[in-house]
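So the chains spell out like this:
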Amino acid sequence: MGTLGGFPNPPAMVRGEQSSPASHAMRGRYAPSPTGRLHLGNARTALLAWLDARSRGGAFIMRVEDLDRARVPAGAEQAMLDDLAWLGLDWDEGPDRGGPYAPYRQSERTALYDGAIDRLLASGRAFACACSRADVARASQAPHDSDEDGPRYPGTCRGLGSDEVRARAAAQGRAPAIRFAGDGARIDFVDEVHGAVPADAGGIDDFVLRRADGTAAYQLAVVVDDAAMEVTRVVRGDDLLRSTPRQIALYRALGLPVPVFAHVPLVLTASGERLAKRTRPEAVADLRARGVSPAAVVGALAISAGLPAAGGRVTPADLVAGFSVAAMDRRPAVVSGL
Ligand SMILES: [Zn+2]
């Protein structure tokens, strides 16, 4: 396959001029962050992404999202992969197996992210920014300029030359961050689970692509990786639904084909809280330690997703026939019975 700077060729060539039948296959992925132990919510999303790929005869890719390396405990990646394999999931490519799109750890893919940022800077779709978080908060005072991601960036550095931005950042003892040159475009899209997702009223903003410490932002890394790995279907948790328009804006700015998105509901605790570290959800490792079988765990996950699991004990392979992510209930789920 021809590549340019590590990227697939432009969309028309990727989709229309490949000769190998394998290159047309559907490709799905699961992309865990090994910042803690695999909990039932993670396992459920992984199972659904795996079922989506396998029910379509597609390849399944495991990609480790470990950009925030300070938060990755030693051994966490291996423990997470062990738990996923214990459940009966398998993958064709991944950090433990290699593959044609290696490396499969984001911490080893910095050159690809920097290459994409260079292209965006060259095409005027990105700019350097010297502002600290406090600067952005001060400059953006209207309350409607804030959302849950923090205050909306007021465009302070947009009109400045790169030398001036560098000098301003250096005066504060750091390198500039890089931001996307958002154009306020209102991007709506169709999600296979949620249906039509309307655009945010504010449109695409100047979100961060690379932090001042040189680390690529999630929004950039996930787009670069899914495109470079030729992922055609992205099945992931619906906490990322609101990030998707920004990612679509990046695909377009980079001239890359946009995958199909299916955002599956998150798992709530019995008291209605989202599974997260602070709610101390039971880890798959805890279930293993107290002797619960993988068939019982997969059975409970299947029942929570409305999938047939006679007797509550199934393997992932039992669920492949007839699986449709589009038929999933979009309401949050509770996993019980374990
Ligand atoms: Zn700035």
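Residues numbered from 1 in each chain as written. Predicted model: local features only at pLDDT ≥ 70, side-chain atom pairs only at ≥ 80, totals over all residues. Heavy atoms only, no water.

Asker: I would appreciate a short explanation of the coordination of the zinc ion in the present structure.
Answerer: Protein coordination of the zinc ion is provided by Cys129 (SG), Cys131 (SG), Tyr153 (OH) and Cys157 (SG), with donor distances spanning 2.2 to 2.3 Å. Taken together, the four donor atoms coordinating the zinc ion and their angles of 100 to 121° define a geometry best described as tetrahedral. When the donor residues of the zinc ion are listed from N- to C-terminus, their spacing reads C-x1-C-x21-Y-x3-C. Placement of the pair is Cys131 in the loop between strand E5 (126-129) and helix H5 (133-139) and Tyr153 in the loop between strand E7 (150-151) and helix H6 (162-171), with a sequence separation of 22 residues. (Donors = N, O, S within 2.8 Å, 3.2 Å for Na, K, Ca; no water. Tetrahedral: all angles 85-135°; square planar, octahedral: opposite > 155°, others 65-115°. Helix = DSSP H or I, 4+ residues; strand = E, 2+ residues; numbered from the N terminus.)

Asker: What is the right way to read the environment of Arg125 from this model?
Answerer: Along the polypeptide, Arg125 turns up in the loop between helix H4 (110-122) and E5. Among the residues examined, Arg125 registers a relative accessible area of 23% and is labelled partly exposed. Through-space distance from the C-alpha of Arg125 to that of Asp206 is 9.7 Å; in sequence the pair is 81 residues apart. For Arg125, the residues in contact, after removing those within four places along its chain, are Leu120, Arg179, Phe180, Ala181, Asp183 and Ala253. (Buried < 20%, exposed > 50% of the residue type's maximum accessible area, 1.4 Å probe, protein only. Contact = heavy atoms within 4.5 Å.)

Asker: Would you explain the packing of aromatic side chains in this entry?
Answerer: Both the distance between ring centres and the angle between the ring planes are used here to describe each pair of aromatic rings. Following the criterion strictly, the structure yields three aromatic pairs and no others. Judged by centre distance (6.1 Å) and plane angle (70°), the ring pair of Phe189 and Phe261 falls under edge-to-face. In this pair, Phe189 is assigned in strand E9 (residues 189-191) and Phe261 in strand E13 (residues 260-264), connecting sequence segments 72 residues apart. Like Phe261, Phe189 is buried. Over the face of the ring belonging to Tyr153 we find Arg179, whose NZ or CZ atom lies 3.8 Å from the ring centre. (Phe/Tyr/Trp six-rings, centres within 6.5 Å; stacked < 30°, edge-to-face > 60°. Lys NZ or Arg CZ within 6 Å of the ring centre and 35° of its normal.)

Asker: Which parts of the structure should I look at to understand the layout of surface pockets?
Answerer: Rolled over the atoms, a probe with the dimensions of a water molecule shows which regions are left empty. Volume-wise, the second largest pocket comes out at about 220 Å³. Along its surface, the second largest pocket is lined by 16 residues, and Leu40, Thr269, Leu275, Glu282 and Val335 are the ones closest to its centre. (1 Å grid on protein atoms, 1.4 Å probe; cavity = no way out; pocket = protein on both sides within 12 Å on 5 of 7 lines; lining within 4 Å. Points joined across faces, edges and corners; volume = space filled by probe spheres on them.)

Asker: Honestly, helix H2 (residues 40-55) in this entry has me stumped. Any pointers?
Answerer: Because an α-helix completes one turn every 3.6 residues, residues spaced three or four positions apart along the sequence face the same direction. Counted at 1.5 Å a residue, the expected span for H2 with its 16 residues is 22 Å, and the 22 Å between its end C-alpha atoms agrees. Most of H2 is tucked away: 14 of the 16 residues are buried. Just past H2, the residue Gly57 takes up positive phi, approximately 70°. (Expected span 1.5 Å × (residues − 1).)

Asker: I'm lost on the pairing of E13 in this one. Help?
Answerer: Side-chain positions along a regular strand alternate between the two faces of the sheet. Counting buried positions along E13 yields four of five residues, so the element is predominantly enclosed. Across five bridges, the pairing between strand E12 (residues 233-237) and E13 is parallel. Following the sheet pairing, Gly237 is matched in E13 by Val264. Note that the unit made of E12, helix H8 (residues 244-254) and E13 has a crossover that is right-handed. (Pairing = 2+ DSSP bridges. Right-handed = clockwise from strand over helix to strand, strands pointing away.)

Asker: What exactly am I supposed to notice about the sheet that holds strand E8 (residues 177-180) here?
Answerer: Strand pairing in a sheet relies on backbone hydrogen bonds. The paired strands run either parallel or antiparallel. Across the sheet, three strands lie side by side as E5-E8-E11; this open sheet has antiparallel pairing. What marks the edges here is a single partner per strand, and that holds for E5 and strand E11 (208-210). Each strand axis lies, on average, 40° off the axis of its neighbour in the sheet, ignoring direction. Relative to E11, E8 runs antiparallel, the two being bridged by two bridges. Following the sheet pairing, Ile178 is matched in E11 by Arg210. (Axes fitted to C-alpha atoms, helices over the stretch in contact; angles between N-to-C directions.)

Asker: Could you clarify how one ought to interpret the pattern of salt bridges in this entry?
Answerer: Side chains bearing opposite charge may pair, as long as their charged atoms lie close to each other. Inspection of every chain in the model, using the stated rule, returns 24 salt bridges. Across the pair Arg63 and Asp226 runs a salt bridge whose closest N-O atoms are separated by 2.8 Å. With Arg63 in the loop between strand E4 (59-62) and helix H3 (76-86) and Asp226 in helix H7 (residues 218-228), this residue pair connects regions lying 163 residues apart in the sequence. Summarising the burial analysis for this pair, Arg63 and Asp226 share the class buried. Taking the shortest distance from any N to any O, the salt bridge between Arg125 and Asp183 comes out at 3.9 Å. With Arg125 in the loop between H4 and E5 and Asp183 in the loop between E8 and E9, the pair connects residues that are 58 residues apart, well separated along the chain. Through salt bridges that share partners, Arg29, Arg63, Glu65, Arg109, Asp225 and Asp226 make up one connected network. (Salt bridge = Lys/Arg side-chain N within 4 Å of Asp/Glu carboxyl O.)

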